[in-house]
Amino acid sequence: MPTPARASQISDGPMTPSRALQPRDMALSGWGRYPRATCRLYEARGPADVLATIAAGDTLIARGNGRAYGDPALNPEGTLSLLQSNRLLDFDPTSGLVTCEAGVMLTDVIDVFLPRGWFPPVTPGTKFVTIGGMIASNVHGKNHHAVGSFADHVASLDLALADGRVVRCSRGDNAALFEATGGGMGLTGVILRASFRLVPVATSAIRRETRRARNLDETMTQFDAARDWSYSVAWIDCLARGDALGRSLLFLGEHARSDELPAGARRNPLAMPKKHGRTVPFDVPSFVQNRWSIGAFNALYYRSARADTEVLDYERFFYPLDGLLEWRRLYGRAGLVQYQCVLPRAASRDGLTALLRRTAATGAGSFLGVLKLFGPQSGMLSFPMEGYTLALDFPAGAKTLALFPELDAIVADHGGRVYLAKDAATSRGMIERGYPGLARFRALRAAVDPQGKFASLQSRRLGL
Amino acid sequence: MTSVNGTVLILGAASDIGRAIGHEYARGGLSVILAARDCRRLETDAADLRLRHAVAARAVEFDVLDSAGFGGFLDRLGALPETVICVVGLLGDQAVAQISAAAAELVMRTNYLGCSLVLGEVATRMAARGSGCIIGMSSVAGERGRAKNYIYGSAKAGLTALLSGLRNRLARRGVRVITIQPGFVETRMTQGMALPKILTAQPDEVARAVYRAQARGKNVVYVRPIWRWIMRAIRALPERIFMRTDI
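Residues numbered from 1 in each chain as written. Chains lettered and ligands numbered in written order. Predicted model: local features only at pLDDT ≥ 70, side-chain atom pairs only at ≥ 80, totals over all residues.

**Section: the domain arrangement of chain A**
Residues and elements named next belong to chain A.
So, step 1. Split by domain assignment, chain A resolves into domain 1 (7–200 + 440–462) and domain 2 (205–426).
So, step 2. Listed by partner, the interface residues are 39 residues for domain 1 and 35 residues for domain 2.
So, step 3. Breaking the side of domain 1 that touches domain 2 down by element, the ones donating at least two residues are helix 4 (144–147), helix 5 (175–181) and helix 12 (438–448).
So, step 4. In terms of residue count, the dominant contributor to the side of domain 1 that touches domain 2 is helix 4 (3 residues).
So, step 5. Split by residue class, the side of domain 1 that touches domain 2 holds 15 nonpolar, 18 polar and 6 charged. (Domains from an automatic or database assignment. Contact = placed C-beta atoms within 7 Å. Helix = DSSP H or I, 4+ residues; strand = E, 2+ residues; numbered from the N terminus. Nonpolar A, V, L, I, M, F, W, Y, C, P; charged D, E, K, R; others polar.)

**Observations regarding unusual backbone geometry**
So, step 1. That bond from Tyr 34 of chain A to Pro 35 of chain A is cis: its omega, -5°, falls within 30 degrees of zero.
So, step 2. Structurally, Pro 35 of chain A is set in the loop between strand 1 (24–29) and strand 2 (36–43).
So, step 3. Positive phi is not limited to glycine here, since Asn 174 of chain A has a value of about 50°.
So, step 4. Along the chain, the position of Asn 174 of chain A falls in the loop between strand 9 (166–170) and helix 5.
So, step 5. Overall, Asn 174 of chain A belongs to the buried group, with 22 C-beta atoms counted inside 10 Å.
So, step 6. Non-glycine residue Asp 38 of chain B carries a positive phi angle of around 55°.
So, step 7. With respect to the element layout, Asp 38 of chain B can be found in the loop between strand 2 (31–36) and helix 2 (43–53). (Buried ≥ 20, exposed ≤ 12 C-beta atoms within 10 Å, placed from the backbone.)

**What to know about the pairing of strand 14 (residues 248–255) of chain A**
Residues and elements named next belong to chain A.
So, step 1. Counting buried positions along strand 14 gives 6 out of 8 residues, so the element sits mostly inside the fold.
So, step 2. For strand 12 (residues 205–213) and strand 14, the ladder comprises 8 bridges, and the chain directions are antiparallel. From the neighbouring strand, Arg 207 faces strand 14, where its bridge partner is Glu 254.
So, step 3. Across 6 bridges, the pairing between strand 13 (residues 231–236) and strand 14 is antiparallel. Within strand 14, the residue paired with Val 233 across the bridge is Phe 251. (Pairing = 2+ DSSP bridges.)

**Brief notes about the interface of chain A and chain B**
So, step 1. The interface of chain A with chain B comprises 13 residues on the first partner and 13 residues on the second.
So, step 2. Here the element with the most residues in the side of chain A that touches chain B is strand 5 (residues 88–92) of chain A; it accounts for 4 residues.
So, step 3. Grouping the constituent residues of the side of chain A that touches chain B by class yields 6 nonpolar, 2 polar and 5 charged.

**Describing the sheet that holds strand 5 of chain A**
All names here are of chain A.
So, step 1. Strand order in the open sheet formed by 5 strands is 5-6-10-8-9, with antiparallel pairing between adjacent strands. If you trace the sheet from one side to the other, it starts and ends with strand 5 and strand 9, each paired once. The average undirected angle you get between the axes of adjacent strands in this sheet is 15°.
So, step 2. Summarising the sheet, strand 5 and strand 6 (residues 97–101) pair through 4 bridges and their orientation is antiparallel. Bridging across to strand 6, Asp 92 finds its partner in Leu 97.
So, step 3. Strands strand 8 (154–160) and strand 10 (190–197) of the sheet are contacted by helix 1 (residues 47–55), whose axis makes an angle of about 145° with strand 10. (Axes fitted to C-alpha atoms, helices over the stretch in contact; angles between N-to-C directions.)

**A word on the nonpolar core**
So, step 1. Ranked by internal contacts, the top residues of the largest apolar core, which has 190 residues, are Ile 10, Leu 34 and Ile 134 of chain B.
So, step 2. Both domains that meet at this core, namely domain 1 (7–200 + 440–462) and domain 2 (205–426) of chain A, each give it at least three residues.
So, step 3. Non-local contacts of Ile 10 of chain B, meaning those with residues more than four positions away in its chain, are made with Gly 18, Ile 21, Gly 22, Val 32, Ile 33, Leu 34, Ala 35, Ile 85 and Val 87 of chain B.
So, step 4. Ranked by size, the runner-up nonpolar core spans 8 residues in total, among them Ile 206, Ala 256, Tyr 314 and Phe 317 of chain A. (Core = buried A, V, L, I, M, F, W, Y, C linked by C-beta atoms within 7 Å.)

This is the structure we're talking about:
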């Protein structure tokens, strides 16, 4: 059982419940805008508010910036926003260890620390996520094969439990709780604060090499050859068929050295790129997205890319879509669902071929097919495993929802699993088959939260 | 434009508007002193300001109901800050306050007596120094007493008059006094209320308006300009008609 935090660990904030927050009913969704639910939204300004809300009674799920695609941060009875509990608390410039509240956004971490020569150890494809959400989904980045996922870089975290206690968890203290919370989808408790290590960088730029691969075999060979690169990811044309099935553009990256910058930029190697807030101002009608428009786009994109090396700012390498705010509107009012799965390495070639064939055959493919080779991963509900992960966006709708069980069957047959942070539609059986750590996770939850205080629409749907 | 620099003292810094103002001034490079009751909870806010904006920031204990302690409170700060912003406020519950003298008194002491007396003490010290800027967060509720919130409104009316008087008194003494009329703001104070979106500001919008008011040398600022016209219309209603309304 967890031990309560020592008084000294929590000396910098009152931990007694404050006056209860007044919730308001809000129509909420994840980033994919499917599904939507009206939730009683509580907005915590700090740890005291979290404890007061936990004490208030109903079931609850913590919510960050709502960037998980489906329903993991939705609970109609109680959804607790941590966005205003967002204080940076400490930074050690010798080790790079940052301590902050759970609602701090990754974009703020970058804005504050990159000019001082530090970068997040792991970043997902958007910087508009909170640190608490990154831990709860145990997010991975383009460097997973080299450094693991985000929770692997968390030194410790403070967790508010269902019974109102606050415990500090790390690999040494409350280790099982620590392991379960990384990737635990907010179901072990509410993360109040965390300490994690940044990595030192010499510049704010990335040296990117682009390689073309004409089919799946070439793509996989290229990934193997690129294992010494810090960052690697492939954009895959999921509508290509026949000999071209699995054709890709591989993007490999390293943090650029000062001497790799253009001469004019060397004086200020950590300069931040200019912010541009282009947005999609309206919902694009869904008929715009069809086999022909997407197929034409993909073919054009593949042909226009050159195999070359360039130095570009970190935003363009890591967050190409963040530059286009509200890009989800490209998928129309119905929203989008993303399908992200991982397949064990040995089964990847067969599994990917089957998934791509099935997707290409429906023509329901997406602009954005992303492929990446993961390294090994520990953790109870953490998504990565050694092998290939494939992420595909689809417009939400009956056609897509009919396709997903077919994709699930292919993934399950090949020993893979789907990503809870992207999921809106998978089945309980699929999760039980794919996540061998689920039994341990359920046992631990039964021990620390016997009443089932922490719950989301997803946890109920999947029996997490 | 007037330069905004030195140190800012924020009274009521634990509130949503106080937090937002702290960030706005720290972003401008000012040293920040956060003051509120039970100031230990402000230590994390001070750390946040130091890390994000690389400025000096600290938290101090301040109780707006302890008027006898105001002199000592200002003495303990060391140098008198260049800017003092008071965002202390207590909405209270009108239904309770209109039948409970104790509840009404708390609203009046907090919003009028406490704020007025501490800013009065600050004003005298700034006048002696010959420089400074005082910013008071009043309320459009103070512009005409309404059944819905006249206890709070009357206290804010008093504060508005006091700020006006201070401005007049100090105009030729090198000290500026700014009255902020925020209108509705989405904060903890108003949580659970159904506020019309177009009339409702966010805390960081208020903070930007406060900073801009100081930088541009304004005297009375409505955070959302539409409120100036709404209140003009409400003030213009003849009493015979106004007394029968439900606004």
